[in-house]
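So the chains spell out like this:
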Amino acid sequence: MSNSFNYGTDRLTVGICLDLARKKRRGVIGADAAKHIGASQKAVQEIVHKQIPVYGINTGFGPLCDTHISEADTALLQSNILKSHSVGVGKPTPKEIAKLMLITKVQALAQGYSGVRMEILERIIWHIDNDLIPVVPEKGSVGASGDLAPLAHLFLPLIGLGEIWVMENKVPASTVLKSINIPPLELGPKEGLALINGTQFILAFAVKAVERLGNALEIADLSGAMSLEGLMGSSKPFDPRLHQLRPYKGNIHVAQNLFTLLDKSEIRNSHVDCDRVQDPYSLRCMPQVHGASRNAWLHLKELTEIELNSVTDNPIIFDADDTISGGNFHGQPLAMALDYAAVAAAELGNIADRRCYLMSEGRYGLPKLLVPNAGLNSGLMIPQYTTAALVTENKTLCFPASADSVPTSLGQEDHVSMGSISSRKLHMVLENIEFIQAIELLYASQAIDFRRPLKSTPVIEACHSLIREHVPFIDHDRVFADDINQIHGLLTSGAFLSKAHETAISHQLNLFNNDEFGIY
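As the structure is a computational prediction, the values presented were derived from the model and not from experiment.

**Some remarks on the overall build of the protein chain**
Counting its regular elements, the protein chain contains 20 helices and 8 strands. Against the 2.2 N^0.38 benchmark of 24 Å for 520 residues, the protein chain shows a C-alpha radius of gyration of 26 Å, consistent with a compact globule. Taking the principal axes of its C-alpha atoms as reference, the protein chain extends roughly 85 × 45 × 45 Å. Taking all 520 residues of the protein chain together, 56% fall into the buried category. Put simply, of all contacts in the protein chain between residues at least 6 apart along the chain, 80% involve residues at least 24 apart. Per element, the accessible surface of the protein chain, about 21400 Å² overall, is 55% carbon and sulfur. Side-chain charges in the protein chain split into 45 positive and 56 negative, and the spacing between the mean points of these groups amounts to 4 Å.

Pasting the structure below:
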C-alpha cells in the first residue's frame, strides 16, 4: 500500500480518505493534476479579461446573478462571499470532520474544473499536513447550493479570518498565521465561490458514517452471536443454503458471519437435540435484519465513493468558451442515502434491545434479570430501560430530513436537500447504537457465564474474556453505568473488534473477510 495519494488523479475511497486525515498517508498534487489546474485557472482569467458573463466570476451570487461585476472588483467579490456566507451557528463540528472536509475539497478542486490557482490548493494541503484545522460551526447548511455556511467558515483562515484549532483551543486564524510568518492569501476570480460551493460538509460526515456504521454492523453480528449462545439458540437459521434462496448480499454476509462464529461451539452442541422448535425473531432473523442494514450500508458506501471523486462546485469550467452553471452542488443524492442509513442503524438497536429483554426474562435456564439472587438485587432490570429509551430516541431521529425543503435565496434556490441535517442526525443515531450494543454485550457476557463449564467458539470466548478483563461477573447490584461505559469504551476505541479480528485470523476463520464490505 502506497503512503502517498495524488489528489485529483488517484481514486479516493473512504479508507484512503480516513488514512489521509489520520496521517497514515500524505496527499500531494502530481504533474497531471497541476496541468489541469493551471489550464482551468487560465480559462477563468481569460473569461475575466474578455468580460464573458459567467456566473460567480463576473456576476453577483444567487438572486444577484444578473448583476455585472467589473474586472477590477472580481477579487473583492470572492473575499466578500467568504465573509457574507460565514453564518454558521452551534457547537463546532468535530475536528476530524473538518479535516475530512479539507481533504475532500482538495480532491474536487484538483480535478481541474474549478478555476482555482495552485496556490490555493497548496495552502489547504498545508493546513491538512500541519493539522491546523479551521473551526466550523455545525449548523447553518441547507445542503444546496452546497454546504455554503460551513465551507465559508472552513476557508476563512485562507484570508486571515475565522478560527483554527491549536491543540484543543480555538485561536484566531490571524494570530496563528502571524506567529509563523505565513501571510493570508488574496483570492482571485471564482476562487471564493469554488471554495464554498460543494457538498464537503455532508460528504465528510458520510465518510465517517461509512466507517462508524460498518463497525456497528460487525459488532451487531458479534453481540448477536453472544446473545444467542447465552440464550442457547439455534444456528440452523444461518445455514448458507437457506440464504442462497433469497440472495441479498447483506443477508448472505451476516449468515456466513454467524455460522462461522457459532461453528463447533460446545454450548450450541449441548442442545442440538432439544425440543425447542423455533427461536424468537430477534435471534432467528438476524441475517434478514442485520443483513438489510448491511445492504443500506453498501448503498451509502457506493454513493459516498462516487461523491469523493466528483466535482461539486459551480459553475464548471471546461474552457473559456465552455462553462456550465448547473447543480452538481445539490446534496440530494447523499441526503437520501444518509436518511436511509439512519433507519438501517436504528434497526440494529431495535433488535438488540429485544435480545436484552429476552435475556432478562428468566427463560431457557437463565435466572430472572441475570443475577443469582433477584429480589434483594434488581440485577439487569434497568439497563434495558436505557436501551428502550435510546431505541425510542432513534425512532424520532429517523424522520428523513431530505423529505423537507425550504426555499432560500429569494426563490432562486427553491429546492434544497437538507443533507447536512441528515448527516448530523445519522451520527446521533450511531452514538445511541454504540451504547445499546454495549448494554447488549453486558447482558450477553453475563448470560454466557451461566452456561459454564461449557465453552463457545474461539472468537466469542476471546470477546467474552476481553469484556471480563474490564467488567467482572455480576453477583450483586452495583453502579451499572460504570460497566456500560467500560464496554462502550472497548467498542469506540476499536479494541473489541480488533480482538475479534485477531482471534479469527489466528484460528484461520473466514470472518468479516469480504472485500465488498471493506472501505478501501
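**Some details on the pattern of salt bridges**
Evaluation of the coordinates by the stated rule reveals 26 salt bridges. Among the salt bridges present, the one from E96 reaches K208, with a minimum N-O distance of 3.0 Å. Here E96, found in helix α4 (residues 95-109), pairs with K208, found in helix α9 (residues 200-230); they are 112 residues apart in sequence, far enough to count as distant.

**Quick look at helix α20 (residues 495-506)**
With 12 residues, α20 should reach 16 Å at 1.5 Å per residue; the first-to-last C-alpha distance of 16 Å fits that figure. Taken together, the buried positions of α20 are F496, L497, A500, T503 and A504. With its buried residues spanning 130 degrees around the axis, α20 presents them on a single face. Away from its buried face, by an angle of more than 90 degrees, α20 presents the exposed residues E502, I505 and S506. On its buried face, α20 is in contact with α9, α17 (419-449), α18 (458-470) and α19 (480-492).

**Some words on the side chain of S417**
Within the secondary structure, S417 sits in the loop between α16 (383-397) and α17. Polar contacts involving the side chain of S417 include one to the main-chain carbonyl oxygen of G143, which spans 2.9 Å. Leave out the neighbours within four places in its chain, and S417 touches V142, G143, A144, I202, H330, G331, Q332, A335, A401, S402 and D404.

**Quick word on the state of the cysteines**
Under the criterion given, the structure shown has 0 disulfides. No disulfide involves C398; its nearest neighbouring cysteine sulfur is the one of C356, lying 18 Å away. Judged by relative accessible area, C398 falls into the buried class, the value being 17%.

**Here's the deal with the packing of aromatic side chains**
Any aromatic ring pair is given by two values, namely how distant the centres are and how the planes are angled relative to each other. One pass over the structure, following the stated rule, counts 6 aromatic pairs. Summarising the aromatic geometry, the rings of Y113 and F318 are spaced 5.8 Å apart at their centres and angled 70 degrees between planes, so their arrangement reads as edge-to-face. Pair noted here: Y113 is in the loop between α4 and α5 (118-129) and F318 is in strand β7 (residues 316-319), with a separation of 205 residues, a long-range link. Residue F318 is classed as partly exposed on the basis of its relative accessible area, which comes to 44%. Measuring from centroid to centroid gives 5.6 Å for F450 and F473, while their planes differ by 65 degrees, and the two rings are edge-to-face. With a gap of 23 residues between them, F450 in the loop between α17 and α18 and F473 in the loop between α18 and α19 connect regions that are remote in the sequence.

**Focus on the environment of G8**
Locating G8 in the fold gives a position in the loop between β1 (4-6) and α1 (14-21). Classification of G8 as partly exposed rests on a relative accessible area of 21%. As for G8 and G112, which are separated by 104 residues in sequence, their C-alpha atoms are 7.7 Å apart. Here G8 is in contact with Q107, A110 and Q111, once residues within four sequence places are set aside.

**A word on the environment of L300**
In this fold, L300 is placed in helix α14 (residues 286-308). For L300, a relative accessible area of 0% gives the class buried. A sequence separation of 110 residues divides L300 from L410, and the C-alpha atoms of the two residues are 33 Å apart.

**Overview of helix α6 (residues 148-155)**
Burial of α6 is extensive: 8 of the 8 residues sit out of reach of the surface. For α6, every residue scored as buried is listed here: L148, A149, P150, L151, A152, H153, L154 and F155. In this structure, the buried side of α6 is in contact with α3 (74-84), α4, α5, β4 (137-139), α8 (191-196) and α9.

**Points about unusual backbone geometry**
P315 follows N314 through a cis peptide bond whose omega is -5 degrees. With omega at 15 degrees, the peptide bond leading from R452 into P453 counts as cis. Within the secondary structure layout, P453 lies in the loop between α17 and α18.

Scoring rules and cut-offs
- Residues numbered from 1 in each chain as written.
- Predicted model: local features only at pLDDT ≥ 70, side-chain atom pairs only at ≥ 80, totals over all residues.
- Heavy atoms only, no water.
- Helix = DSSP H or I, 4+ residues; strand = E, 2+ residues; numbered from the N terminus.
- Rg over C-alpha atoms; globule rule 2.2 N^0.38 Å.
- Buried < 20%, exposed > 50% of the residue type's maximum accessible area, 1.4 Å probe, protein only.
- Contact = heavy atoms within 4.5 Å.
- Areas by Shrake-Rupley, 256 points an atom, 1.4 Å probe, with all protein chains shown as cover.
- Lys, Arg positive; Asp, Glu negative; His and termini not counted.
- Charge placed at Lys NZ, Arg CZ, Asp CG, Glu CD.
- Salt bridge = Lys/Arg side-chain N within 4 Å of Asp/Glu carboxyl O.
- Expected span 1.5 Å × (residues − 1).
- Arc of directions from axis to C-beta.
- Polar contact = N/O pair within 3.5 Å; in protein donor to acceptor, adjacent residues only side chain to side chain.
- Disulfide = S-S within 2.5 Å.
- Phe/Tyr/Trp six-rings, centres within 6.5 Å; stacked < 30°, edge-to-face > 60°.

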